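# Commentary on secondary and tertiary structure
For reference, the chains in residue letters:
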Amino acid sequence: MINRVHNFSAGPCTLPLEVLEEAREEFVNYQESGMSLIEMSHRGKHFDAVHNEAIQLAREVFEVPEDFCILFLQGGATLQFSMVPMNLLGDKCKAAYIDSGSWGSAAIADARIYGSVYTAWDGNEYNYSRMPSLDEIHIKTNTRYLHITSNETIGGIRFVEWPDVNVPVVADMSSDYMSRRIPWQLFDVVYGGVQKNLGPAGMAVVFVRQSILSACNKNLGRYLRYDLQLDSNSMLNTPPVFPIYLLGKVLRWMRLGGGIEAMERAAEEKAALLYSAIDNSSGYFSSPVDEHDRSVMNVVFRLPTPDLENLFLGEANGAGFVNLKGHRSVGGCRASIYNAMPRSSVELLVDFMKSFQLSNPA
Ligand SMILES: *Cc1c(COP(=O)(O)O)cnc(C)c1O
């Protein structure tokens, strides 16, 4: 087998090796059909089984209550930045948004095109180094929903306590899907692109509370309507067959691995390994974010100087630890440690960080 690297990419990112190998085994001749899954009709019996199993698995593994429907939609999380306000926000009410970083800001910019939007808390004044506490979130009257980004992939912060406000919450959970339980009672819509924790790029998994569908805007193109997507079981047009197929496999892998509770425990443990390496480096490695709000998926850190950071990234790369460079908008380093990242890779990275510090004093 070819050597696989320790891939700390923020997304698309490392996927479970077992899943990749299983997909390879059955790729060319899917279940003796004489063709691959991506060459056959999406309305035939093979894909139909794959599609419905993926929906069922998502319901089971995410522990989704009956009153939420599950949609597989193209356009990633980004299309949901538009679909959420298009569907939920009429001209009689407004929407509150938390500006917690790059993704929160992007969601706000798109929502403003479709309705009346205000910032209920602005993290820009804190250089996006923390999330708001509940009493800092200001909800105005006549607000339809509060939009949050549960985990800011670039800034490396997350909501530790969910915002329990007096309006329904809508959450972009792209980068911490399946890393902790979702308190469904707070939410009307939960969405996320699948390429961080659930599969390959190409779609979003969207959970919508069924009771809000009848009030959703009907004056939209068919693809953009949550109600019509549900009516067609996400088969309004040709669905992204390959992402759906791999999503099913990843969800089965997560179920086999103990489900949400086991995923959460593993994520906390891996993050603790890295943060304690940072905290015990006598300030050589440092975290730019508030300790309370540190992400367990995207660990952002710095070295004493930009030169040392470049040297670190170069040597890490040579040692098989790849994609540790922070996002171009913030610099520094970032280790994304999604569910498929083996604990052993994180342990090896910690060892590497320690020996780098010894050989390259500040
Ligand atoms: C990656 C990411 C997005 C963008 O996802 P796309 O699927 O590329 O549209 C949005 N929000 C968050 C939090 C992300 O991590």
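Structural data are supplied above this passage.
My aim in this report is to walk through the structure given alongside it, one point at a time.

Conventions we followed
- Residues numbered from 1 in each chain as written.
- Predicted model: local features only at pLDDT ≥ 70, side-chain atom pairs only at ≥ 80, totals over all residues.
- Heavy atoms only, no water.
- Helix = DSSP H or I, 4+ residues; strand = E, 2+ residues; numbered from the N terminus.
- Rg over C-alpha atoms; globule rule 2.2 N^0.38 Å.
- Buried < 20%, exposed > 50% of the residue type's maximum accessible area, 1.4 Å probe, protein only.
- Contact = heavy atoms within 4.5 Å.
- Areas by Shrake-Rupley, 256 points an atom, 1.4 Å probe, with all protein chains shown as cover.
- Lys, Arg positive; Asp, Glu negative; His and termini not counted.
- Charge placed at Lys NZ, Arg CZ, Asp CG, Glu CD.
- Core = buried A, V, L, I, M, F, W, Y, C linked by side-chain atoms within 4.5 Å.
- Domains from an automatic or database assignment.
- Near = heavy atom within 4 Å.
- Polar contact = N/O pair within 3.5 Å; in protein donor to acceptor, adjacent residues only side chain to side chain.
- Nonpolar A, V, L, I, M, F, W, Y, C, P; charged D, E, K, R; others polar.
- Pairing = 2+ DSSP bridges.

The number of helices and strands found in the protein is nine helices and 13 strands. Here the protein has a C-alpha radius of gyration of 21 Å; the compact-globule value for 362 residues is 21 Å, and the two agree. Across the 362 residues that make up the protein, the buried fraction comes to 56%. If you take every contact in the protein between residues at least 6 apart in sequence, the share linking residues at least 24 apart comes to 65%. When the accessible area of the protein is evaluated, it comes to approximately 15500 Å², of which 51% is carbon and sulfur surface. Averaging the coordinates of the 31 positive side-chain charges in the protein and doing the same for the 41 negative ones gives two points 4 Å apart.

Judged by nonpolar contacts, the single largest core of 59 residues is most densely connected at Phe 62, Phe 72, Leu 146, Phe 187, Leu 198, Val 205 and Phe 207. Broken down by element, the residue count for this core peaks at eight residues, all from helix H6 (residues 241–256). Mapped onto the domain boundaries, this core takes at least three residues apiece from domain 1 (17–256) and domain 2 (258–359). Excluding residues that lie within four positions of it along the chain, Phe 187 makes contacts with Phe 68, Trp 162, Val 169, Val 170, Ala 171, Met 173, Ile 182 and Arg 209. Membership of the second largest hydrophobic core comes to 33 residues, among which are Leu 303, Leu 313, Phe 321 and Phe 356.

The next thing to look at is the environment of Ala 266. Structurally, the position occupied by Ala 266 is in helix H7 (residues 259–279). Between the alpha carbons of Ala 266 and Met 203 there is a distance of 26 Å; along the sequence they are 63 residues apart.

Taken together, 13 residues form the shell around the ligand, and within it Thr 78, Thr 153, Asp 172, Gln 195 and Lys 196 come nearest. Thr 78 places a side-chain nitrogen or oxygen 2.5 Å from an oxygen atom of the ligand. Separating a nitrogen atom of the ligand from a side-chain N or O atom of Asp 172 is a distance of 2.6 Å. With four residues, helix H3 (residues 76–88) is the single largest residue contributor to the shell around the ligand. Here the residues of the shell around the ligand sort into three nonpolar, eight polar and two charged.

Tracing the chain through its elements places Asn 298 in strand E11 (residues 298–301). A polar atom in the side chain of Asn 298 sits 3.0 Å from the side chain of Tyr 338. Apart from the residues within four sequence positions on either side, Asn 298 is in contact with Asn 151, Glu 152, Thr 153, Gly 156, Ser 175, Tyr 275, Arg 334, Ala 335, Ser 336 and Tyr 338.

Counting buried positions along strand E9 (residues 187–193) yields seven of seven residues, so the element is predominantly enclosed. Summarising the sheet, strand E8 (residues 169–172) and E9 pair through four bridges and their orientation is parallel. Along E9, the bridge assignment pairs Val 169 with Phe 187. Alignment of E9 against strand E10 (residues 204–209), held across five bridges, turns out to be antiparallel. Within E10, the position partnered with Val 190 by the bridge is Phe 207.

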